[in-house]
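Spelled out from the first residue to the last, the chains are:
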Amino acid sequence: MIKQAIIPLAGLGTRMLPLTSVMPKELMPINGKPNLQYILDECIDAGVKEFIFIISKKKLSIKKYFFNDNLYTKILKKKKDKRLLEEYKKIKRYQKMIKFVYQNKPKGTGDAVFKCKKFIKSKYFLMLLPDDLIINKNCSKEMIRLHKKTNGSIIATKRVERKTVSRWGILSIRNKKKGYFQIQDVVEKPSIKKAPSNFAIIGRYILTRKIFDEIKKLKPGQGGEIHITDAIRRLIKKESKFYGNIFKGKYLDCGTLSGYINSGIQISKRK
Ligand code: G1P
């Protein structure tokens, strides 16, 4: 059973400056709802019961967004606002599920995940990067289904244009079946020449606790950061139970300004 989800939120958001100079990108509204809330709702619908948010001192406003009871109770005491009451109830529901872990130096996704080690109780957990929104289909649910079928680790993936491979983690594949394949290797942001395929990682992972041992052994990689991709690579070499889930639904990249603007347009068009 996958009940816990790790969400790294300590990134600086430099691709979205100047907007992110005062507001975390994960709280920026997309059609009236923060980016992060789409991710939470997807996970809750897929059966997740606990979230571990990795934040930094610079991103305390994420904590405040979910834990600002004084504000709500004061206003609700003064006037009965039905809409606000509903929103507050939602916030209270999230509150019960969220734990915070701190990563004050941006040392990469691997380092962020490692900081959650002591909180992970089961063999497998979900990890989601909040830049990547997937609408129309619940990607986490699909991944959990594939995990149950294969008993292995899962990475959500989509085909991208060859010329864009150096923007992504890219998978080397084998035994392709309908909707999924076995992952043979993974490489972070390869050149077009070195890319083993055009199947890109889209920010959703089901990983085993064994990943922590691999992260521990890593030295800083690309850009001086500890990358989760490098730890995954080591683990794949040791055990082959890694699968790529070719997601259904629509992928939206919220990590760049143009992608963010487009996400708002796409979500508002949704039926
Ligand atoms: C991260 C991952 C990369 C993945 C991408 C998806 O990169 O390291 O493997 O393909 O997210 O959005 P980042 O967006 O942090 O550069």
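Predicted model only: the values in this text are computed from it and were never measured.

Draft legend 1. Inspection of the site of the ligand at higher detail. Near the ligand you find Arg15, Leu129, Asp132, Arg167, Trp168, Gly169, Glu188, Lys189, Ile201, Gly203 and Thr229, and these make up its full shell. For the ligand, an oxygen atom lies 2.8 Å from a polar atom in the side chain of glutamate 188. Here the ligand has 380 Å² of accessible area as a free molecule, and 86% of this is covered by the chains. Partitioning the shell around the ligand into residue classes produces three nonpolar, three polar and five charged.

Draft legend 2. Structural view of the packing of aromatic side chains. Under the counting rule described, the total for this entry stands at twelve aromatic pairs. On the basis of an interplanar angle of 70 degrees and a centroid distance of 5.7 Å, the ring pair of phenylalanine 53 and phenylalanine 66 is categorised as edge-to-face. Taken together, the residues phenylalanine 53 in strand β4 (residues 50-55) and phenylalanine 66 in helix α2 (residues 60-66) connect sequence positions 13 residues apart. Taking the relative accessible area as the measure of exposure, phenylalanine 66 reaches 1% and is therefore buried. When the centroid spacing of 5.7 Å and the interplanar angle of 15 degrees are considered together, the rings of phenylalanine 125 and phenylalanine 212 count as stacked. Residue phenylalanine 125 is located in strand β6 (residues 124-128), and its partner phenylalanine 212 is located in helix α7 (residues 211-217); the two are separated by 87 residues in the primary sequence. Each member of the pair, phenylalanine 125 as well as phenylalanine 212, is classed as buried. Members of the aromatic cluster, each reached through a chain of ring pairs, are Phe51, Phe53, Tyr65, Phe66, Phe67, Tyr94 and Phe100. When the ring centre of tyrosine 38 is taken as origin, the NZ or CZ atom of lysine 33, which lies over that ring, is 4.5 Å away. Above the face of the phenylalanine 100 ring, lysine 63 is positioned so that its terminal group lies 5.2 Å from the ring centre.

Draft legend 3. Looking closely at the pattern of salt bridges. For the structure shown, the criterion picks out 21 salt bridges. The salt bridge partner of lysine 121 is glutamate 50, with a shortest N-O separation of 3.4 Å. With lysine 121 in the loop between α5 (109-114) and β6 and glutamate 50 in strand β4, this pair connects stretches of sequence that are 71 residues apart. On the accessibility criterion, lysine 121 (62% relative accessible area) is exposed. Note that aspartate 185 is salt-bridged to lysine 237, the shortest N-O span being 3.9 Å. Taken as a pair, aspartate 185 in strand β10 (residues 180-188) and lysine 237 in helix α8 (residues 228-238) lie far apart in primary sequence, 52 residues in all.

Draft legend 4. How the structure looks around the packing of helix α3 (residues 69-78) against helix α4 (residues 82-95). Here α3 crosses α4 at 155 degrees, and the two axes come no closer than 11 Å. In this view, α3 runs roughly antiparallel relative to α4, as classed from their interaxial angle. For the pair α3 and α4, the sense of crossing is left-handed. Contact residues: α3 offers Asp69, Tyr72, Thr73, Ile75 and Leu76, while α4 offers Leu84, Leu85, Tyr88, Ile91, Lys92 and Gln95. Among the residues making up the contact of α3 with α4, the classes are represented as seven nonpolar, two polar and two charged.

Draft legend 5. Up close: the pairing of β10. Taking burial as the measure, the nine residues of β10 include seven buried ones, the bulk of the element. Relative to β10, strand β9 (residues 169-177) runs antiparallel, the two being bridged by seven bridges. Opposite arginine 174, over in β10, you have glutamine 182 as the bridge partner. Between β9 and β10, which follow one another and run antiparallel, lie two residues, and glycine 179 among them has a positive phi close to 85 degrees.

Draft legend 6. Looking closely at the environment of lysine 33. By the secondary structure assignment, lysine 33 is in strand β3 (residues 33-34). Sequence separation of lysine 33 and alanine 5 is 28 residues, and the distance between their C-alpha atoms is 20 Å. Apart from residues no more than four positions distant in its own chain, lysine 33 is found in contact with Met28, Tyr38 and Asp41.

Draft legend 7. Region of interest: helix α6 (residues 139-150). Its twelve residues place the ends of α6 16 Å apart at the C-alpha level, agreeing with the 16 Å of an ideal helix rising 1.5 Å per residue. Among all positions in α6, only Cys139, Ser140, Glu142, Met143, Ile144, Leu146, His147 and Thr150 are buried. For α6, the capping residue at the N-terminal end is asparagine 138, with a side-chain oxygen 3.1 Å from the backbone nitrogen of serine 140. Asparagine 151, located one to two residues past α6, shows a positive phi value of around 60 degrees.

Reading the values: the criteria
Counting starts from 1 at the beginning of each chain's written sequence and moves along it residue by residue. Residues qualify for local features only when their pLDDT is at least 70, as the model is predicted, and side-chain atom pairs are given and counted only at 80 or more; totals for whole chains, interfaces and linings, by contrast, use all residues. With hydrogens and water stripped out, all remaining heavy atoms of the structure feed into the side-chain values. Any residue with a heavy atom lying within 4 Å of a molecule or strand is counted as near it. Any pair of nitrogen or oxygen atoms within 3.5 Å is treated as a polar contact; in protein, a donor-acceptor pairing is required on top of that, and neighbouring residues in sequence qualify only through side-chain atoms on both sides. Computed with a 1.4 Å probe, the accessible areas rest on the Shrake-Rupley method; for each residue, only the protein chains presented here act as cover. Each residue is assigned to one of three groups, with Ala, Val, Leu, Ile, Met, Phe, Trp, Tyr, Cys and Pro labelled nonpolar, Asp, Glu, Lys and Arg labelled charged, and all others, Gly among them, labelled polar. Centres within 6.5 Å are what make two rings of Phe, Tyr or Trp a pair, Trp counting through its six-membered ring; a difference in plane orientation under 30 degrees is then read as stacked, over 60 as edge-to-face, and the rest as tilted. Going along the chain from the N terminus, every DSSP run of H or I of four or more residues is numbered as a helix, and every run of E of two or more is numbered as a strand. Each residue is placed in one exposure class: buried if its accessible area under a 1.4 Å probe, protein chains only, is under 20% of its type's maximum, exposed if it is over 50%, and partly exposed if it falls in between. In this scheme, the term charge over a ring applies when either NZ of a lysine or CZ of an arginine sits within 6 Å of the ring centre and within 35 degrees of the ring normal. Salt bridge, as used here: a side-chain nitrogen of Lys or Arg that lies within 4 Å of a carboxyl oxygen of Asp or Glu. Axis lines are fitted through C-alpha atoms, for helices just across the contact stretch, and the angle between N-to-C directions can take any value from 0 to 180 degrees. Any angle from 65 to 115 degrees is called roughly perpendicular, while one under 35 is roughly parallel, one over 145 is roughly antiparallel, and all others are oblique. Note on convention: the crossing is left-handed when the near helix lies turned anticlockwise from the far helix by less than a right angle, right-handed when the turn is clockwise. Residue contacts follow a heavy-atom distance rule, with two residues in contact if any of their heavy atoms lie within 4.5 Å. Only strands joined by at least two bridges in the DSSP assignment are considered to pair. Given a helix with a known number of residues, its expected span is that number minus one, times 1.5 Å.

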